[in-house]
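Now for the letters of each chain:
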Amino acid sequence: MPSDPTFLWLLPEHAVDRFAAALGGTRLLTARERAALGRRLTPGAARRYLGARLLCRYALSARVPRPLEHWRFTTGAYGRPELLADGEGLRFNLSHTEGLIACVVTRGRGCGVDAGPDPAPAGLVSWLEPRLAPAERAELAASAPGTRNTVAGELWVLKEAYLKALGTGLTRDLGGFAFGPRGAGPIHVHDHEHGLDHSHDHDLGPDHGYDRGRPRDAASRWWFDLLRPAPGHLVAVAAEDGRPRDLRRIDLAPLRPLDLPHAGPSPLDLSHADLSSV
């Protein structure tokens, strides 16, 4: 059983400008990241991209005492960002949606995070429903009036977080695995493709910490947390070998409801990582 918790860092979009200013703006970005930032089509998309790239560096430095400029990244076969050498076994994953940026960090085990609006927009529900597993479609059809978009949103962020943790992204069929009910107990995923070994985890480097000899099914291998950190926001976290009360959540600034994005400034807590080199 892992001794290191799962850390979830949440950065509200309204705090990105002050967060970036405190960390030196775009100076930490690589040339490739600056180019990607310049390709963002809207100010909001650019703000969220910049916030995510800075947040992962900050979160990693909070877990291992390294300067922010220490971290170097690569991408796996399906585009998942990964650390290059000297990451001390750390894994991370990023997600951002309107109003919120999330970063999950683990040590020696897989992780994934996805953030989205709550409830899900009607267009996403229409797109997602035919792509769900049969049991999930049945759950969606049986959902109480007014909760359909909420149920769809939960399934969507859980599936995204899981696939990001596996490193495959949306190259997999969304109907090829299914999530059980979300109630008071643990959330289980039923996935035969990843049930017996790790032969499909080809997106991971040698420092990922997996034990490929463990004959366990996906339901026991993965732990899922589903959070509503503020009205209008939904976040799912997937952690390999997680356990109850394993998640440590850090809010870098007070979160706001999604429909109140323009309130005044709120405190920004940057006490977690050493910024003396900034």
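Details of the structure are given in the entry above.
Please read these numbers as outputs of a predicted model, since none were measured by experiment. (Residues numbered from 1 in each chain as written. Predicted model: local features only at pLDDT ≥ 70, side-chain atom pairs only at ≥ 80, totals over all residues. Heavy atoms only, no water.)

Draft legend 1. How the structure looks around the sheet that holds strand β9 (residues 222-227). An order of β6-β10-β9 is seen for the three strands of this open sheet, with the pairing classed as antiparallel. The sheet is open, and its two borders are formed by β6 (111-117) and β9, each paired with just one other strand. Here the strands of the sheet are splayed against their neighbours by 10° on average, with no regard to which way each runs. In the sheet, β9 pairs with strand β10 (residues 233-240) via six bridges, with the strands oriented antiparallel. Counted as the bridge partner of Leu226 is Ala236 from β10. Relative to the sheet, helix α6 (residues 148-166) contacts β6, β9 and β10, its axis offset from that of β6 by approximately 150°. (Pairing = 2+ DSSP bridges. Helix = DSSP H or I, 4+ residues; strand = E, 2+ residues; numbered from the N terminus. Axes fitted to C-alpha atoms, helices over the stretch in contact; angles between N-to-C directions. Contact = heavy atoms within 4.5 Å.)

Draft legend 2. Spatial organisation of the nonpolar core. Ranked by size, the top nonpolar core spans 38 residues in total, and within it Trp9, Phe19, Tyr58, Phe92 and Cys103 carry the most contacts. For this core, the elements supplying multiple residues, two or more each, are β1 (6-12), α1 (16-23), α2 (31-38), α3 (43-63), β4 (90-97) and β5 (100-107). Considering every element that reaches this core, the biggest residue donor is α3, with 10 residues. With residues up to four places along the chain from it excluded, the contact list for Phe92 reads Cys56, Leu60, Phe73, Arg80, Pro81, Glu82, Leu83, Cys103, Val104, Val105 and Cys111. Within the second largest apolar cluster, 26 residues are counted, among which are Ala120, Leu140, Trp156 and Leu158. (Core = buried A, V, L, I, M, F, W, Y, C linked by side-chain atoms within 4.5 Å. Buried < 20%, exposed > 50% of the residue type's maximum accessible area, 1.4 Å probe, protein only.)

Draft legend 3. The arrangement of the packing of helix α5 (residues 134-141) against α6 in detail. Interaxial distance between α5 and α6 falls to 9 Å at its minimum, and their mutual angle equals 155°. Taken together, the axes of α5 and α6 are roughly antiparallel relative to one another. In this structure, α5 contributes Glu136, Glu139 and Leu140 to the contact, and α6 contributes Arg148, Val151, Ala152, Leu155 and Lys159. Of the residues assigned to the contact of α5 with α6, the class counts are four nonpolar, no polar and four charged. (Parallel < 35°, antiparallel > 145°, perpendicular 65-115°, else oblique. Nonpolar A, V, L, I, M, F, W, Y, C, P; charged D, E, K, R; others polar.)

Draft legend 4. Structural view of the sheet that holds β4. Strand order in the open sheet formed by four strands is β4-β5-β1-β11, and the pairing between neighbours is mixed. Unpaired on one side and paired on the other, β4 and β11 (247-251) mark the two borders of the sheet. Across the sheet, the mean angle separating the axes of adjacent strands is 15° when strand polarity is ignored. As defined by bridge partners, β1 adjoins β11 across five bridges and the pair is classed as parallel. Among the inter-strand pairings, Trp9 is bridged to a residue of β11, identified as Ile250. Docked against the sheet, α3 engages β1, β4 and β5, running at close to 30° with respect to β5.

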